[in-house]
Amino acid sequence: PDCTSVFCCIFKNLQKMPECFLVSEDDAHKPIQLHHQQPVILGRCPETKIKDKKCSREQVELWADCNKGFIIIKQWMMLYCIHLKHFYNQVSVTPGQRLHMVNQLYPYTVKFTEDQISSPMQTANLSNSRSKPSKRALSASQMNYYSSNTSKAASNMSLEEREQLRSQSNTAETPCGSPPSKKMVVPSADKPDSGGHWSQGLKVSMQDPKMQMYKDDKVVVIKDKYPKARHHWLVLPWSSISSLKVLCSEHVELLKHMQLVGQQMVQGCLDRHTLRFRMGYHAIPSMSHIHLHVISQDFDSPCLKNKKHWNSFTTDYFIESQDLIAMLEQDGKVSVKEGASEFLKLPLRCHVCKKEQPTIPKLKDHLKTHLSS
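- Per an unreviewed UniProt entry, the recorded name for the protein is Aprataxin, and the organism is Danionella cerebrum.

**Thoughts on helix α4 (residues 252-267)**
Thought 1: In this model, α4 (16 residues) spans 23 Å end to end at C-alpha, consistent with the 22 Å of a helix rising 1.5 Å per residue.
Thought 2: Looking only at α4, the buried set comprises Val252, Leu254, Leu255, His257, Met258, Gln259, Val261, Gly262, Met265 and Val266.

**Regarding helix α6 (residues 321-331)**
Thought 1: Of all the positions in α6, only Ser321, Leu324, Ile325, Met327 and Leu328 are classed as buried. For α6, the buried positions fall inside an angular range of 155 degrees around the axis, keeping them on one side.
Thought 2: Among the structural elements, α4, β12 (277-282), β13 (292-296) and β14 (318-320) are those in contact with the buried residues of α6.
Thought 3: Gly332 lies just past α6 and shows a positive phi near 80 degrees.

**Side note on the pattern of salt bridges**
Thought 1: All told, the structure shown has 8 salt bridges when counted by the stated rule.
Thought 2: The partner of Asp300 in a salt bridge is Arg230, with the nearest N and O atoms 3.2 Å apart. Of the two residues, Asp300 sits in the loop between β13 and α5 (307-314) while Arg230 sits in the loop between β10 (219-223) and β11 (232-237), which places them 70 residues apart along the sequence.
Thought 3: For Asp300, a relative accessible area of 40% gives the class partly exposed.
Thought 4: The closest approach of N and O atoms between Asp365 and Lys368, which form a salt bridge, is 4.0 Å. Placement of both Asp365 and Lys368 in helix α7 (residues 360-372) is noted, with a separation of 3 residues, approximately one turn of the helix.
Thought 5: By relative accessible area, Asp365 is classed as partly exposed at 46%.
Thought 6: Under the relative-accessibility criterion, Lys368 is labelled exposed at 52%.
Thought 7: Through salt bridges with shared partners, one network takes in Arg230, Asp298 and Asp300.

**Quick word on the pairing of strand β9 (residues 212-215)**
Thought 1: Relative to β10, β9 runs antiparallel, the two sharing 3 bridges. By the bridge assignment for β10, Lys215 is matched with Val220.
Thought 2: Between the antiparallel neighbours β9 and β10 lie 3 residues.

**Notes on the packing of aromatic side chains**
Thought 1: Using the criterion set out here, one finds 3 aromatic pairs in the structure.
Thought 2: Arranged with centres 6.0 Å apart and planes meeting at 5 degrees, the rings of Trp233 and Phe277 form a pair that is stacked. With Trp233 in strand β11 and Phe277 in strand β12, the pair connects residues that are 44 residues apart, well separated along the chain.
Thought 3: Classification of Trp233 as buried rests on a relative accessible area of 7%.
Thought 4: Where Phe299 meets Trp310, the ring centres are 4.9 Å apart and the plane angle is 65 degrees; that geometry is what we call edge-to-face. Taken together, the residues span a long stretch of sequence, with Phe299 in the loop between β13 and α5 and Trp310 in helix α5 at a distance of 11 residues. Exposure class is identical for Phe299 and Trp310. Each is buried.

**Here we look at the sheet that holds strand β8 (residues 105-113)**
Thought 1: Taken together, the 4 strands give an open sheet; going across it, the order is β2-β1-β8-β7, and neighbouring strands pair in antiparallel fashion. Sheet topology places β2 (32-34) and β7 (98-102) at the edges, where each strand pairs with a single neighbour. Put simply, the sheet's adjacent strands are angled 30 degrees from each other on average, direction ignored.
Thought 2: Note that β7 and β8 share 4 bridges and pair antiparallel. Residue Arg98 lies in a different strand from β8, and its bridge partner there is Thr109.

**Describing unusual backbone geometry**
Thought 1: We note that Lys49 has phi near 60 degrees; this positive angle belongs to a residue other than glycine.
Thought 2: Counting through the fold element by element, Lys49 comes out in the loop between β3 (40-42) and β4 (60-65).
Thought 3: Residue classification places Lys49 among the exposed residues on the basis of a relative accessible area of 55%.

The rules we used
- Residues numbered from 1 in each chain as written.
- Predicted model: local features only at pLDDT ≥ 70, side-chain atom pairs only at ≥ 80, totals over all residues.
- Heavy atoms only, no water.
- Helix = DSSP H or I, 4+ residues; strand = E, 2+ residues; numbered from the N terminus.
- Expected span 1.5 Å × (residues − 1).
- Buried < 20%, exposed > 50% of the residue type's maximum accessible area, 1.4 Å probe, protein only.
- Arc of directions from axis to C-beta.
- Contact = heavy atoms within 4.5 Å.
- Salt bridge = Lys/Arg side-chain N within 4 Å of Asp/Glu carboxyl O.
- Pairing = 2+ DSSP bridges.
- Phe/Tyr/Trp six-rings, centres within 6.5 Å; stacked < 30°, edge-to-face > 60°.
- Axes fitted to C-alpha atoms, helices over the stretch in contact; angles between N-to-C directions.

This is the structure we're talking about:
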């Protein structure tokens, strides 16, 4: 055949090639087109409209094979140990599977279609996307393949993240007890809330009858797996509410009920006459699904191990339940103080007399003097 026939044949085949799109399940923006065999790096950028600083500017690299109907996702991890270590994992994703950009947030679905999207506004302008991976490691602090040997690297993670990872590293059901595998776990489309990821641990615990200390048609109470005091309970709503930032005025009655249930737990405690209790929420919780902490103020627990544990309950990082409810009633939303994570870095200071202590062991010895008195 002549050149014209060959060209027409190739052009005809190209026209039939399916198109690949990354579709935001939150409908945060128009579908992002992934061109055939062209790497695209996405993260906290204009294309995704993600502004969450937990998400790197270069979170993932996507490579689509439109003919075979799958995409390859590469995600880099940056660990801070004695030296800086970089490595990445990759996984193949097929249509219908869900990809969370970070920490079970910002869900996306992969879709292939042969239909042309006529409006240029319906595809992201990828001309500004980086087509080559940067030499700088991509931030991926929420990946599922953390090794139990990276405990030093996890020092920058929040307290709930590290505690949950520690619990999973001792089970055979998660990959956390072994070195990083060559595949990253991606939740399937039919099991979005499977609980396989550490951040979904509360959703699993609240469904376990052995963990339930109280339940009604609105909430359930469980004992914290890693109590930071003699009495430490979590009140969780049955309704799926991922975090404080999605709360609105419609949730006021639910939060009031959660607080009432927390008060009932305190009233049923034998130590209620000798111990003081507080109820509140962490400003930046890492575990998915909101939960109200009901905690005694003795802080007499072997699970209280570091500064972040202490400061998360004794500084403004801990938002009182009644203050959060008042905020919702007045503003219709929850406003977390800018730089709230800095509260976790404050010096160790006794919550009773405000005397500064150099170490956790010294602090615990000091707390005994208040308990004895």
